[in-house]
Amino acid sequence: MSETAYSPVSKHLSDLEAAREEGRRKMDWALQHMPILNALREEFESEQPLDGETIAMAMHVEAKTANLVELLADGGAEVAITGCNPLSTHDDVSAALDTHESITSYAVRGVDDEEYYDAMHACLAHEPTITVDDGMDMVKLAHEEYPELIDSIVGGAEETTTGVHRLRAMDADGELHYPVFAVNDTPMKQLFDNVHGTGESSLATIAMTTNLSWAGKNVVVGGFGQCGKGVAKKASGQNANVIVCEVDPRKALEAHMEGYEVLPMIEAAKKGDVFITTTGNRDVITREHFEQMPDGVLLANAGHFDVEVNLEDLDDLAVDRFEARDGVEGFEMADGRVLNVLAEGRLVNLAAPISLGHPVEVMDQSFGVQAVVVRELAENGERYEPGVHDVPDELDREVAEIKLAAEGVEHDALSAEQREYMDSWEHGT
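What you are looking at is a predicted structure, and each value in this text was computed from that prediction instead of being measured.

Undergrad: Tell me what's going on with the sheet that holds strand 9 (residues 261-262), and back it up with residues and numbers.
TA: Pairing is mixed across the open sheet formed by eight strands, whose spatial order is 9-8-7-10-11-14-13-12. Each edge of the sheet is formed by a strand with only one pairing partner; in this case those strands are strand 9 and strand 12 (318-325). The sheet contact formed by strand 12 and strand 13 (residues 328-333) spans six bridges and is antiparallel. Bridge pairing links F322 to G330 in strand 13. Lying on the sheet, helix 9 (residues 226-237) is in contact with strand 7 (218-222), strand 8 (241-245) and strand 10 (274-277); it crosses strand 7 at an angle near 170 degrees.

Structure follows, in structure tokens:
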């Protein structure tokens, strides 16, 4: 391992033992409700499929993620991990991870931009053979500043929508030089994590942060992808009036057919009480929208980066900024209106002071896919060319089967005759 100037989390905390104890308590609670990772842990510990691999990870370092990290380490890998968002790390969990003999955690909550990337450099100094990302910052840094590592990196895995979009753009430009699995795009991620995970955790975090009800509120959802669908569905289920803003005509039509009001953001801005962005794109809410908003609105982002709500525009309009509540900053306009931003415009379900991220059960599914994908890279990485790859369907199904078995749910299977019928083009009328 190369030397690095950035220290692991243990050097950043004052009461290290107390932090480790609390972090372990959080991890143990989560693991009780993660049957997929528990099943895979038995396999990984006995078969050591990751023996000899070094994994560099940039993830949201909290209890559920930590159980994935330990699974990979217990499967034989050396793991170096840091955060993928400056405000999503739980320091106690990071400290607990760092006690594992095969894990070095550099994740610290509240770092500035320079420290954020210093920690990522520290992970890459371990000379990884596999990368695991949430947002693609690690892959980008490896390509831009560590070209000597590219040939020895077998491949990577990407967790989230924003990261996959960035990877596909990088691939289209011919700049992605090792294979990366788009974990975000697989059914076990899309159907559960993005819909139920983002929907439930975002709304729960906003409610706990503000102590306000959803009932009767006009909730404006920016984007009707899988995450936006989840937010809209869960808000509607809590008796909110949902307005969807969307640039894709098919998704806008889908939202309309689901019974939601569909408006351009400039019109929704006049009606909304709560605005939640879920697009992965920048400037979803900007100056022209702030100028139309009623007094007291809540502005929250459930997309990966803090660019969806344009805080530069908001700051420029404001005559005063103040802490309205822990995790809520008020921006006072010249006419006396106050627009409230949650979690500094960062991923609200992970960056707000009391946020816990997605529910444990849905992350068990997503991290189960991550684990089997990393196993696939370790065992068969040479089969994959550089570029973005879909997760092999049999791996996604494997994770679903583990979950169903743990839940005691039985399901049908195709007979030989049915399988032959579906695979043949010769059967006609």
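Undergrad: I'd love a proper account of the packing of aromatic side chains, names of residues and values included.
TA: Each pair of aromatic rings is reported with the distance of its centres and the angle of its planes. Evaluated as defined, the whole model comprises four aromatic pairs. With a centroid separation of 4.9 Å and 90 degrees between ring planes, the pair formed by Y116 and Y117 is classed as edge-to-face. When its relative accessible area of 7% is taken as the criterion, Y116 is described as buried. According to the relative accessible area criterion, Y117 is partly exposed, its value standing at 35%. For the ring pair F224 and Y260, a centre distance of 5.8 Å and an interplane angle of 70 degrees mean the geometry is edge-to-face. Taken together, the positions of F224 in the loop between strand 7 and helix 9 and Y260 in the loop between helix 10 (249-257) and strand 9 put the pair 36 residues apart, joining distant regions of the chain. Accessibility assignment for this pair places F224 and Y260 in one class, buried.

Undergrad: Before we move on, could you go through the side chain of D133 and cite the residues and values that matter?
TA: Considering the arrangement of structural elements, one finds D133 in strand 4 (residues 130-133). Buried and unpaired, D133 has R166 as its nearest opposite-charge partner, separated by 7.0 Å. In terms of polar contacts, D133 uses its side chain to reach the backbone amide nitrogen of D137, at 3.5 Å. Leave out the neighbours within four places in its chain, and D133 touches A58, M59, M138, V139, A157, E158, E159 and Q370.

Undergrad: Before we move on, could you go through the UniProt feature "domain: S-adenosyl-L-homocysteine hydrolase NAD binding" (unreviewed entry) in the chain and cite the residues and values that matter?
TA: The feature "domain: S-adenosyl-L-homocysteine hydrolase NAD binding" (unreviewed entry), as given by UniProt, occupies residues 194-355 in the numbering adopted here. Along residues 194-355 one finds 35% helix and 24% strand; the C-alpha atoms at either end are 17 Å apart.

Undergrad: Residues and numbers for helix 8 (residues 187-210), please.
TA: Look at helix 8: 33 Å from first C-alpha to last across 24 residues, which is about the 34 Å you get at 1.5 Å a residue. The largest bend along helix 8 measures about 35 degrees and falls at D193. Immediately downstream of helix 8, the backbone of N211 shows phi near 60 degrees, a positive value.

Undergrad: Could you give an account of the pattern of salt bridges, naming the residues involved and the relevant values?
TA: Under the defined criterion, the tally for this structure stands at 26 salt bridges. Note that D185 and R168 form a salt bridge whose closest N and O atoms lie 2.9 Å from each other. In this pair, D185 is assigned in the loop between strand 6 (179-182) and helix 8 and R168 in helix 7 (residues 161-172), connecting sequence segments 17 residues apart. Residue D185 is classed as partly exposed on the basis of its relative accessible area of 33%. Here K234 makes a salt bridge to E200, at a shortest N to O gap of 3.2 Å. In this pair, K234 sits in helix 9 while E200 sits in helix 8, placing the two residues 34 residues apart along the sequence. Residue classification places E200 among the partly exposed residues on the basis of a relative accessible area of 37%. Members of the salt-bridge network, linked through shared partners, are E43, R375 and E398.

Undergrad: Requested: an account of the environment of D28, with residues and values cited.
TA: With respect to the helices and strands, D28 occurs in helix 1 (residues 16-32). The partly exposed category is assigned to D28, whose relative accessible area is 39%. Sequence separation between D28 and L71 is 43 residues; the distance between their C-alpha atoms is 13 Å.

Undergrad: How would you explain the sheet that holds strand 4 if you had to name every residue and give the values?
TA: Across the sheet, seven strands lie side by side as 3-2-1-4-5-6-15; this open sheet has parallel pairing. Bordering the open sheet on either side are strand 3 (103-105) and strand 15 (387-389), each of which pairs with just one other strand. Strand-to-strand twist across the sheet, computed as the mean angle between neighbouring axes with direction ignored, equals 20 degrees. With three bridges joining them, strand 5 (residues 155-158) and strand 6 adopt parallel strand pairing.

Undergrad: How would you sum up the side chain of D92? Please name residues and give values.
TA: Here D92 lies in helix 4 (residues 91-97). Looking at D92, the relative accessible area reads 12%, which means it is buried. Those residues within four positions of D92 in sequence are excluded, and the remaining contacts are A19, R20, E22, G23 and K26.

Undergrad: Could you give an account of a negative patch on the surface, naming the residues involved and the relevant values?
TA: Among the surface-exposed residues, D112, D113, E114 and E115 lie close enough to one another that they form a single negatively charged patch. The residue E114 is located in helix 5 (residues 113-124) in this model. On the basis of relative accessibility, which here comes to 58%, the residue E114 falls in the exposed class.

What counts and how
- Residues numbered from 1 in each chain as written.
- Predicted model: local features only at pLDDT ≥ 70, side-chain atom pairs only at ≥ 80, totals over all residues.
- Heavy atoms only, no water.
- Pairing = 2+ DSSP bridges.
- Helix = DSSP H or I, 4+ residues; strand = E, 2+ residues; numbered from the N terminus.
- Contact = heavy atoms within 4.5 Å.
- Axes fitted to C-alpha atoms, helices over the stretch in contact; angles between N-to-C directions.
- Phe/Tyr/Trp six-rings, centres within 6.5 Å; stacked < 30°, edge-to-face > 60°.
- Buried < 20%, exposed > 50% of the residue type's maximum accessible area, 1.4 Å probe, protein only.
- Lys, Arg positive; Asp, Glu negative; His and termini not counted.
- Salt bridge = Lys/Arg side-chain N within 4 Å of Asp/Glu carboxyl O.
- Polar contact = N/O pair within 3.5 Å; in protein donor to acceptor, adjacent residues only side chain to side chain.
- UniProt positions renumbered as here; feature names shortened; annotations may be inferred.
- Expected span 1.5 Å × (residues − 1).
- Bend = angle between axes of the 7 residues up to and from the residue.
- Patch = residues over 30% accessible without salt bridge, like charges linked within 9 Å, V, L, I, M, F, W, Y side chains within 5 Å.
- Areas by Shrake-Rupley, 256 points an atom, 1.4 Å probe, with all protein chains shown as cover.
- Charge placed at Lys NZ, Arg CZ, Asp CG, Glu CD.

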